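Spelled out, the chains give:
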Amino acid sequence: MDLFLQFAAPALAGIFVGVMSGLLGVGGGTIMVPIFRLAFGMSPLASTATSLFAIIPTSISGVASHMRAKTCVPKLGVALGIGGALTSPVGVWLASVSPGWLVIVVAALVVGLSAYKMFKKAIKAPRVALSCRKAHTADAAATCGSASRGEAEDLRTEVRGASAFPTGCTTTGALADASEPASSNPIPAQPDLTRKHYLQGAGIGLVAGLASGYVGVGGGFIMVPMMLALLSIPMSLAAGTSLIAIMILAIPGVVEQAILGNVNYFAGISIVVGTIPGAVIGARLVRVIPERQLRFAFGGFLLVATVLLVLNEFGILG
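Residues numbered from 1 in each chain as written. Predicted model: local features only at pLDDT ≥ 70, side-chain atom pairs only at ≥ 80, totals over all residues. Heavy atoms only, no water.

Visitor: Help me understand the overall build of the chain, please; the structure alone is not making it clear to me.
Guide: Of regular secondary structure, the chain possesses 13 helices and zero strands. Walking the chain from its N terminus toward its C terminus, one meets helices and strands in the order α-α-α-α-α-α-α-α-α-α-α-α-α. Sorting the 318 residues of the chain into buried and exposed places 51% on the buried side. Pairs at least 24 residues apart make up 83% of the contacts formed inside the chain by residues separated by at least 6 positions. With an accessible surface of roughly 13,700 Å², the chain has 69% of that area assigned to carbon and sulfur atoms. (Helix = DSSP H or I, 4+ residues; strand = E, 2+ residues; numbered from the N terminus. Buried < 20%, exposed > 50% of the residue type's maximum accessible area, 1.4 Å probe, protein only. Contact = heavy atoms within 4.5 Å. Areas by Shrake-Rupley, 256 points an atom, 1.4 Å probe, with all protein chains shown as cover.)

Written out as structure tokens, the structure is:
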């Protein structure tokens, strides 16, 4: 019975972790590390290593769904991942030779600041659901002949006047999406990125990789806000792109942790049983939840992550 609870409880928690991963583009390490410490009584180092191990299949599951839905930027994700893979082993080494409280506090401050900025942008963002729906209605009506060209143009003018084409809202494929629920997001257009953008992405990955190896998280809490701020990637594309990077950058850290003997494979597999289907669900939700709500959700997740990081580091969670 104890064995069943020890396996079933992490698996159920893993579903929630997976949904957050697929929806927000995070590895879920900030939630998994406390679970490993509480449910399995693991040391901080073993919890970190096992979390990094579980992040890889979780992110692969989410990436597969995002790729099918075209809600990611694959080349940018690879650039982020390569940058992160270079510094992830450095983070693992730092975790093994230095006291982590200062780095964790700094990381918590960075995450908290990111949460503040995310909430600030979400509050300022326009409510796009109605505007996007009007835009779709206008294009679909013009195409199907159910409204005159003048009426359709009036609707488009109204939408543009209300700044209704923010990031993530596009009329491309409006006819195909006309039958979908009004709350559904259209597939966002792929951004036109230059070599400079990819180099910036690699730089973001360097920072995320260091945090990933040290704290045992995927690094999405750094990559997603920086993609939004520096590269103007919409939230509906940033989540899937972040998971591509996480899938790559976590590998060197996991290999190093496995060689050091820090990975608890039973605990990792227990939670992955839930995170894999959860990530698929989360990735599908990206097209249903509007951009503004996604930003609020990510900001809330960052706040929770900040608290968990601090409580975990100071041993308050066990």
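Visitor: Can you walk me through a nonpolar patch on the surface in this structure?
Guide: Side chains of Phe7, Tyr265, Phe266, Ile269 and Val273 sit close together on the surface and give an oily, nonpolar patch of about 450 Å² of accessible area. Per element, the largest residue contribution to the nonpolar patch is four residues, and it comes from helix H12 (residues 265–285). Inspection of the secondary structure puts phenylalanine 266 in helix H12. On the basis of relative accessibility, which here comes to 39%, the residue phenylalanine 266 falls in the partly exposed class. (Patch = residues over 30% accessible without salt bridge, like charges linked within 9 Å, V, L, I, M, F, W, Y side chains within 5 Å. Salt bridge = Lys/Arg side-chain N within 4 Å of Asp/Glu carboxyl O.)

Visitor: Just to check I follow, could you spell out the side chain of serine 61 for this structure?
Guide: Position of serine 61 relative to the elements: it lies in helix H3 (residues 44–69). The exposure class assigned to serine 61 is buried, which follows from its relative accessible area of 10%. Sequence-distant contacts of serine 61, defined by excluding residues within four places in its chain, comprise Ile276, Ala279 and Val280.

Visitor: Help me understand the environment of valine 307, please; the structure alone is not making it clear to me.
Guide: Mapped onto the secondary structure, valine 307 falls in helix H13 (residues 291–313). Residues valine 307 and alanine 108, 199 residues apart in the sequence, show an inter-C-alpha distance of 7.6 Å.

Visitor: Mind showing me how you'd approach unusual backbone geometry here?
Guide: Most of the time, phi is negative for any residue but glycine, and the peptide bond is trans. Backbone geometry at lysine 70 places phi at a positive 60 degrees, although glycine is not the residue there. Of note, lysine 70 is situated in the loop between H3 and helix H4 (74–97). For lysine 70, a relative accessible area of 55% corresponds to the exposed category. Of note, serine 232 is a non-glycine position whose phi angle comes to about 55 degrees, a positive value.

Visitor: When you look at the nonpolar core in this model, what are you seeing that I'm missing?
Guide: Among soluble globular proteins, nonpolar side chains are generally buried collectively. Leu24, Leu76, Met223, Met227, Ile233 and Phe298 are the most contacted members of the largest nonpolar core, which has 60 residues in total. Per-element tally for this core: the top contributor is helix H11 (residues 235–259), with 10 residues. Those residues in contact with methionine 227 that lie beyond four places of it in its chain are Leu76, Leu80, Ile204, Ser232, Ile233, Ala238, Thr241 and Ser242. (Core = buried A, V, L, I, M, F, W, Y, C linked by side-chain atoms within 4.5 Å.)

Visitor: How should H3 be read in this particular structure?
Guide: Since the α-helix advances by 3.6 residues per turn, residues separated by three or four positions end up pointing in the same direction. Its 26 residues give H3 an end-to-end C-alpha distance of 37 Å, which sits within 8% of 38 Å, the value for a rise of 1.5 Å per residue. Of the residues flanking the end of H3, it is lysine 70, one or two places downstream, whose phi is positive at about 60 degrees. (Expected span 1.5 Å × (residues − 1).)

Visitor: Explanation requested: the packing of helix H10 (residues 220–230) against H11 in the structure shown.
Guide: When two helices pack together, their arrangement is given by the angle between their axes and by how far apart the axes lie. Their axes nearest at 9 Å, the elements H10 and H11 cross at an angle of 140 degrees. One finds that H10 runs oblique with respect to H11. Crossing of H10 over H11 shows right-handed handedness. Taking contact as the criterion, the partners of Gly220, Met223, Val224, Met227 and Leu228 in H10 are, on H11, Met235, Ala238, Thr241, Ser242, Ala245, Ile246 and Leu249. The residue makeup of the contact of H10 with H11, split by class, is nine nonpolar, three polar and no charged. (Axes fitted to C-alpha atoms, helices over the stretch in contact; angles between N-to-C directions. Parallel < 35°, antiparallel > 145°, perpendicular 65-115°, else oblique. Left-handed = near helix turned anticlockwise from the far one by under 90°. Nonpolar A, V, L, I, M, F, W, Y, C, P; charged D, E, K, R; others polar.)

Visitor: Help me out: how do you make sense of H12 in this one?
Guide: The end-to-end C-alpha distance of H12 is 30 Å, a good match for the 30 Å that 21 residues give at a rise of 1.5 Å each. At valine 272, H12 shows its maximal bend, which comes to roughly 35 degrees. Within H12, the full set of buried residues consists of Ala267, Gly268, Ser270, Ile271, Val272, Gly274, Thr275, Gly278, Ala279, Gly282 and Ala283. For H12, the N-terminal capping position is held by asparagine 264, with its side-chain oxygen 3.3 Å away from the main-chain nitrogen of phenylalanine 266. (Bend = angle between axes of the 7 residues up to and from the residue. Polar contact = N/O pair within 3.5 Å; in protein donor to acceptor, adjacent residues only side chain to side chain.)

Visitor: Just checking my understanding: could you explain the packing of aromatic side chains for this structure?
Guide: The geometry of an aromatic ring pair is captured by the separation of the ring centres together with the interplanar angle, meaning the angle of the planes. Enumeration according to the criterion identifies two aromatic pairs in this entry. For the ring pair phenylalanine 53 and tyrosine 265, a centre distance of 5.3 Å and an interplane angle of 85 degrees mean the geometry is edge-to-face. Linking phenylalanine 53 in helix H3 with tyrosine 265 in helix H12, this pair joins segments that are 212 residues apart in sequence. Using a relative accessible area of 43% as the deciding quantity, one classes tyrosine 265 as partly exposed. Ring geometry for phenylalanine 119 versus phenylalanine 296: centroids 6.0 Å apart, planes at 45 degrees, classification tilted. Of this pair, phenylalanine 119 sits in helix H5 (residues 101–124) while phenylalanine 296 sits in helix H13, and the two are 177 residues apart along the sequence. (Phe/Tyr/Trp six-rings, centres within 6.5 Å; stacked < 30°, edge-to-face > 60°.)

Visitor: Is there a simple way to think about a positive patch on the surface in this case?
Guide: Judged by side-chain charge, Lys117, Lys120, Lys121 and Lys124 come together as a positively charged surface patch. Take lysine 117: it is sitting in helix H5. Using a relative accessible area of 48% as the deciding quantity, one classes lysine 117 as partly exposed. (Lys, Arg positive; Asp, Glu negative; His and termini not counted. Charge placed at Lys NZ, Arg CZ, Asp CG, Glu CD.)

Purely geometric stuff here, so don't read any function into it on its own.
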